[in-house]
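The primary structure of each chain is shown beneath.
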Amino acid sequence: ISNYPERIKYPGCILDKKWDSRLLRFVYYHLNSAKQDLYINIKVKNNSKKPAYIKVINAVAGPSIDGLYAGHKATKRFFKEIINDNSRKVRIEPGVTAQLAYHVLKPEKVSAGIYDLENLSGSDLDFKAFIIDPNFSHVSGLNDEYEKDMYMPGCFDSFEKEMVVDYECSPLVKEVPV
């Protein structure tokens with residue numbers, strides 16, 4: 001989960017992580033407080049010697065001045081994509097980095113997105129998400145000199161939740177007086 005800080009001031013790395021599980025979900029919500037457009041860029045690198053296959057389900061919203069609307073719209077679109085099984089399969093050749101997202105962050109507006117990724121081939125992959133300045137895109141992702149509390153994503157071992165609920169349905173109501 002990436003929304004801290006919620007306000008993005010300049011380019012930098014949000015998350016650079018070895019993708020060490022079958023499933024990965026990346027959720028972001030950021031307001032651009034810079035004076036120019038910035039972009040959220042999401043990339044996956046295949047470190048394997050064979051092609052990697054990943055399943056991608058995603059939804060984005062914004063930029064919008066209404067942050068609540070952007071978050072709600074991305075979530076609504078995401079669940080619609082899941083219900084309609086609108087996934088895409090991405091093939092990544094050995095040693096190649098594939099770009100999965102390039103989402104604009106307009107000044108003083110919020111952009112939000114949800115990416116649900118599945119490593120179908122069990123390949124050795126790296127996941128990287130960063131904020132870039134399009135005028136300096138080739139170096140924007142290199143800013144990994146973090147300030148205190150700059151771009152601190154929340155990482156969780158699992159995003160699946162199972163809940164079992166038992167309902168006591170006795171005694172049964174046989175009639176209701178009117």
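Use the structure listed above.
All of the points below concern the structure found in this document. In this text, all values refer to a predicted model and were calculated from it rather than measured experimentally.

### Topic: the packing of aromatic side chains
Okay, so step 1: Considering all chains together, one arrives at four aromatic pairs under this definition.
Okay, so step 2: With a centroid separation of 5.4 Å and an interplanar angle of 55 degrees, the aromatic rings of F26 and F127 are classed as tilted. One end of the pair, F26, is in strand 3 (residues 23–32); the other, F127, is in strand 9 (residues 125–132), and 101 residues separate them in sequence. Here the two residues F26 and F127 agree in accessibility, since each one is buried.
Okay, so step 3: Note on F78 and F79: the rings are 5.7 Å apart at their centroids and 65 degrees apart in plane angle, and the pair reads as edge-to-face.
Okay, so step 4: An aromatic cluster is defined as three or more aromatic residues linked by ring pairs; in this entry it consists of F26, Y28 and F127.
Okay, so step 5: Across the ring face of Y53, the terminal group of K89 is positioned such that the distance to the ring centre comes to 5.0 Å.
Okay, so step 6: Looking at K128, its charged tip hangs above the ring of F130, at a distance of 5.3 Å from the centre.

### Brief notes about the sheet that holds strand 4 (residues 38–46)
Okay, so step 1: On the basis of which strands lie adjacent, the open sheet formed by four strands has the order 2-9-4-7 and antiparallel pairing. Two strands close off the open sheet at either side, each with one partner strand: strand 2 (12–19) and strand 7 (97–105). Neighbour-to-neighbour, the strand axes of the sheet open up by a mean angle of 10 degrees, direction not taken into account.

### Examining a nonpolar patch on the surface
Okay, so step 1: Taken together, F79, I82 and I83 make up a surface patch of nonpolar side chains, about 320 Å² in accessible area.
Okay, so step 2: Considering the arrangement of structural elements, one finds I82 in helix 1 (residues 67–83).
Okay, so step 3: Using a relative accessible area of 35% as the deciding quantity, one classes I82 as partly exposed.

Conventions and cut-offs
Residues numbered from 1 in each chain as written. Predicted model: local features only at pLDDT ≥ 70, side-chain atom pairs only at ≥ 80, totals over all residues. Heavy atoms only, no water. Phe/Tyr/Trp six-rings, centres within 6.5 Å; stacked < 30°, edge-to-face > 60°. Helix = DSSP H or I, 4+ residues; strand = E, 2+ residues; numbered from the N terminus. Buried < 20%, exposed > 50% of the residue type's maximum accessible area, 1.4 Å probe, protein only. Lys NZ or Arg CZ within 6 Å of the ring centre and 35° of its normal. Pairing = 2+ DSSP bridges. Axes fitted to C-alpha atoms, helices over the stretch in contact; angles between N-to-C directions. Patch = residues over 30% accessible without salt bridge, like charges linked within 9 Å, V, L, I, M, F, W, Y side chains within 5 Å. Areas by Shrake-Rupley, 256 points an atom, 1.4 Å probe, with all protein chains shown as cover. Salt bridge = Lys/Arg side-chain N within 4 Å of Asp/Glu carboxyl O.

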